[in-house]
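Below, each chain spelled out in residue letters.
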Amino acid sequence: MPFSTLGLTKPLLNGVQSMGYVDPSPIQLRAIPPALAGRDVIASAQTGTGKTAAFALPVLQRLERHGACRCLILEPTRELAMQVETSLRDLARYTDMRTLSVFGGVGYGPQRTALKSGVDIIVATPGRLEDYLQSREIRLNDIEVLVLDEVDRMLDVGFLPAVRRIIAKCPKERQTLFFSATLPPEITELAAWALQDPERIEIGASHSVVETVTHGLYMVAAERKFDLLVAVLKKVDFQSAIVFARTKHGADKIAKKLRNTNHSVAVLHANRSQNQRIEALAGFKSGKYEVMVATDIAARGIDVAGVSHVINYDIPQHPEDYVHRIGRTGRATATGDAFTFVMPDEGKKLAGIERFIGQQIPRLTLEGFVTTARKGPIHDRTQEPGLSGEKRFRPQRPNRRHREAGGSRHR
Ligand code: AMP
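Residue numbers restart at each chain and count upward from 1, following the sequence in its written direction. Residue-level local features of this predicted model are given only where pLDDT is at least 70; pairs of side-chain atoms are given and counted only at 80 or more, and the full residue set underlies all totals for whole chains, interfaces and linings. As a convention, hydrogens and water are excluded, and side-chain values are obtained from all of the structure's heavy atoms.

## Observations concerning the environment of Gly-48
Phase 1: Starting at the N terminus, helices and strands are each numbered in turn, a helix being any DSSP run of H or I of at least four residues and a strand any DSSP run of E of at least two. With respect to the element layout, Gly-48 can be found in the loop between strand E1 (41-45) and helix H3 (51-62).
Phase 2: For Gly-48, a relative accessible area of 17% gives the class buried.
Phase 3: Spatially, the C-alpha atom of Gly-48 lies 9.2 Å from that of His-324, the residues being 276 residues apart in sequence. A 1.4 Å probe rolled over the protein chains alone gives each residue an accessible area, and that area as a share of the maximum for its type sets the label: buried under 20%, exposed over 50%, partly exposed in between.

Rendered as structure tokens:
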């Protein structure tokens, strides 16, 4: 079904076309009609499903008059706020809607100037928004549409109390669009309070690994991890790779060592200044850096076209982070590869991830590479016979319990 059947105006259809979208993704098909009709929507949608346009298009269509900020979009991270505002601006290029992103870590000056000149849609992170609410530079009295994006991430980073305070300042008569990859009890409770008779949409199980991604793991001793990283990067034909580390300090160390092996490397974690974060992401997107070493700050939602490989240098702490991290590759219709390094004492964490995604992650070996600490034969009972790191492998289908209608990526 083409976009033209969804009831969008011509300027927005032109915007969609200029983005190169041909058919709506499942979340867009399901969310746009009720949102255009003014209904509240609660959607659990896997990362990378096209949910930004699913809320941006109805918002742009429903805000007709100008004059005050009538739509607020809340995001958990600065990077997401910037990214969503860019998508909005792109989709709105044939309209006269004015958008602005406000987030911390940068000076107030340019944001203040933009606010004074008037904006229709604000994309914000909670902390900086609350500063502006306190100084009365932003008022929420005229909000017609409130979008809460990545709500489970807001919960993870401790923003839920601020989100509640912000929602309470919006008019009761409003439309609320609510997106969360998972719906734990705290989030369901928030939704019950914030939404009125919402349309419920579930697209794909948040447990499932994006089907365009092939993934596998290496069992490896701690002291061999860095050498394995170098060997994997050498072996695979990567254009751009994200390497996930558990800690900020770990990320810095890996980046430093990688630079010594002649890779161009960006680093993204919360201890870096906002300008450094912007430069790292922009440099990675433009191809200036071929590798980005990041903590989980980059695991959610960040959309970089053409990430060919994700390497979990450190196994994710929470099973759901596995899905988010490897969702950084294979976005939209591209395919990608994801590798996870697992140390011998991390069997429990691995079992948790495999239970969560409902499938076994294929075990890989890299020919000629010794993954054990001491030289000698590898006694690793977890390695499947016949699977080699050199071979590409097909992802296993998630089991029935985790497979749901619409779970595949839009193609
Ligand atoms: P999102 O989940 O909103 O971050 O979107 C993930 C990626 O899919 C982004 O690169 C979008 O530009 C892209 N995308 C969104 N909607 C469509 C569509 N209908 N067709 C093709 N690509 C899309």
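## A word on the side chain of Asp-314
Phase 1: Mapped onto the elements of the fold, Asp-314 is located in the loop between strand E12 (309-312) and helix H13 (319-326).
Phase 2: With a relative accessible area of 16%, Asp-314 lands in the buried category.
Phase 3: A polar contact of 2.8 Å, which involves the side chain of Asp-314, links it to the backbone nitrogen of Arg-246.
Phase 4: In this structure Asp-314 touches Lys-225, Phe-244, Ala-245, Arg-246 and Arg-325, once residues within four positions along its chain are discounted. We call two N or O atoms a polar contact when they sit within 3.5 Å, provided that within protein one can donate a hydrogen and the other can accept it, with sequence-adjacent residues counted only if both atoms are side-chain atoms. Contacts are assigned to residue pairs that have any heavy atoms within 4.5 Å of one another.

## Considerations on the packing of aromatic side chains
Phase 1: Whether two aromatic rings pair depends on their centres lying within 6.5 Å, for rings of Phe, Tyr and Trp, where Trp uses its six-membered ring; planes under 30 degrees apart make the pair stacked, over 60 edge-to-face, and the rest tilted. Within this structure, the stated rule accounts for 6 aromatic pairs.
Phase 2: Taking the centre distance of 6.1 Å and the plane angle of 75° together, the rings of Tyr-218 and Phe-341 count as edge-to-face. Highlighted residues: Tyr-218 in strand E8 (residues 213-219) and Phe-341 in strand E13 (residues 336-342), separated in sequence by 123 residues. Both residues of the pair, Tyr-218 and Phe-341, count as buried.
Phase 3: Between the aromatic rings of Tyr-313 and Phe-341, the centroid separation amounts to 5.9 Å while the plane-to-plane angle is 50°, which identifies the pairing as tilted. A residue pair is termed long-range when its members are at least 10 positions apart, and Tyr-313 in the loop between E12 and H13 and Phe-341 in strand E13 qualify at 28 residues. Taken as a pair, Tyr-313 and Phe-341 share a single burial class, namely buried.

## Quick word on the pairing of strand E5 (residues 145-148)
Phase 1: Side chains of E5 alternate between two faces, with Val-145 and Val-147 and Leu-146 and Leu-148 buried alike.
Phase 2: Sheet analysis places strand E2 (residues 71-74) next to E5, joined by 4 bridges and oriented parallel. Note on E5: the bridge partner recorded for Leu-74 is Leu-148.
Phase 3: Strand pairing is assigned whenever DSSP identifies at least 2 bridges connecting the two strands. Alignment of E5 against strand E6 (residues 175-179), held across 4 bridges, turns out to be parallel. Looking at E6, one finds that Leu-146 is bridged to Thr-176.

## Here we look at the side chain of Asp-296
Phase 1: By secondary structure assignment, the location of Asp-296 is in the loop between strand E11 (291-294) and E12.
Phase 2: On the basis of relative accessible area, Asp-296 is assigned to the buried category, the value being 15%.
Phase 3: Discounting residues that sit within four places of it in the chain, Asp-296 has contacts with Arg-153, Phe-244, Asp-321 and Arg-325.

## A look at helix H11 (residues 248-260)
Phase 1: Multiplying one less than the number of residues by 1.5 Å gives the expected span of a helix. When the terminal C-alpha atoms of H11 are compared, their 19 Å separation across 13 residues agrees well with the 18 Å that a helix rising 1.5 Å per residue should span.
Phase 2: For H11, the elements touching its buried residues are helix H10 (225-235), strand E9 (241-244), strand E10 (265-268) and E11.
Phase 3: Where H11 terminates, the next one or two residues include Asn-262, which has phi positive at roughly 70°.

## Side note on the nonpolar core
Phase 1: As used in this record, nonpolar core signifies buried Ala, Val, Leu, Ile, Met, Phe, Trp, Tyr and Cys residues forming a set joined through side-chain atoms within 4.5 Å. By size, the foremost hydrophobic cluster in this structure holds 40 residues, and its most contacted members are Leu-8, Leu-57, Ile-73, Val-147 and Leu-177.
Phase 2: Here this core gets 7 residues from one element, more than from any other, and that element is H3.
Phase 3: With sequence-adjacent residues up to four places away left out, Leu-8 is seen in contact with Phe-3, Leu-13, Ile-32, Leu-36, Leu-57 and Gln-61.
Phase 4: Ranked by size, the runner-up nonpolar core spans 31 residues in total, among them Cys-69, Ala-124, Ile-143 and Cys-170.

## Looking at the layout of surface pockets
Phase 1: Its boundaries defined by the atoms lining it, the second largest pocket holds a volume of some 490 Å³.
Phase 2: Only protein atoms enter the 1 Å grid, on which a cavity is a set of points fitting a 1.4 Å probe that cannot get out and a pocket is an open set with protein on both sides within 12 Å along at least 5 of 7 lines, lining residues being those with an atom within 4 Å of a point. Taken together, 24 residues form the lining of the second largest pocket, with Arg-153, Val-157, Ala-270, Asp-296 and Ile-297 sitting closest to its centre.
Phase 3: Every element with two or more residues in the lining of the second largest pocket is listed here: helix H7 (151-156) and H13.
Phase 4: If one sorts the elements of the lining of the second largest pocket by residue count, H13 sits on top with 3 residues.
Phase 5: Grouping the constituent residues of the lining of the second largest pocket by class yields 5 nonpolar, 9 polar and 10 charged.
Phase 6: Mapped onto the domain boundaries, the lining of the second largest pocket takes at least three residues apiece from domain 1 (3-203) and domain 2 (213-407). Grid points are joined across faces, edges and corners, and a volume is the space filled by probe spheres set on the points. When residue character is reported, Ala, Val, Leu, Ile, Met, Phe, Trp, Tyr, Cys and Pro are called nonpolar, Asp, Glu, Lys and Arg charged, and the others, Gly included, polar. Residue ranges labeled as domains rest on an automatic or database domain assignment.

## A short note on the pairing of strand E4 (residues 121-124)
Phase 1: Residues Ile-121 and Val-123 point to one face of E4 and Ile-122 and Ala-124 to the other, with burial holding for every one of them.
Phase 2: In terms of strand pairing, strand E3 (residues 99-102) meets E4 through 4 bridges, oriented parallel. Within the sheet, the bridge partner assigned to Ser-101 lies in E4 and is Val-123.
Phase 3: Assessed by its sense of winding, the connection that carries the chain from E3 through helix H5 (residues 109-117) to E4 is right-handed. Seen with its strands pointing away from the viewer, a crossover is right-handed when the path leading from the first strand over the helix to the second is clockwise.

## Observations regarding the packing of helix H4 (residues 78-91) against helix H12 (residues 274-286)
Phase 1: Contact pair H4 / H12: the axes reach a minimum separation of 11 Å and the direction vectors enclose 55°. By the angle between their directions, the pair H4 and H12 is classed as oblique. The crossing of H4 and H12 is right-handed. Contact residues: Arg-78, Glu-79, Met-82 and Gln-83 in H4; Gln-274, Arg-277, Ile-278, Leu-281 and Lys-285 in H12.
Phase 2: Residue composition of the contact of H4 with H12, grouped by class: 3 nonpolar, 2 polar and 4 charged. Axis definition: a line fitted to C-alpha atoms, over the contacting stretch in the case of helices. Angles run 0 to 180 degrees between N-to-C directions. Roughly parallel here means an angle under 35 degrees, roughly antiparallel means over 145, roughly perpendicular means 65 to 115, and every remaining angle is called oblique. Whether a crossing is left-handed or right-handed is set by the direction in which the near helix is turned from the far one by less than a right angle, anticlockwise for left-handed and clockwise for right-handed.

## Considerations on the environment of Pro-76
Phase 1: With respect to the secondary-structure elements, Pro-76 resides in the loop between E2 and H4.
Phase 2: What makes Pro-76 buried here is its relative accessible area of 6%.
Phase 3: Taking C-alpha positions, Pro-76 is 9.9 Å from Ile-297, a pair spaced 221 residues apart along the chain.
Phase 4: With residues up to four places along the chain from it excluded, the contact list for Pro-76 reads Thr-125, Asp-149, Glu-150, Arg-153, Met-154 and Phe-159.

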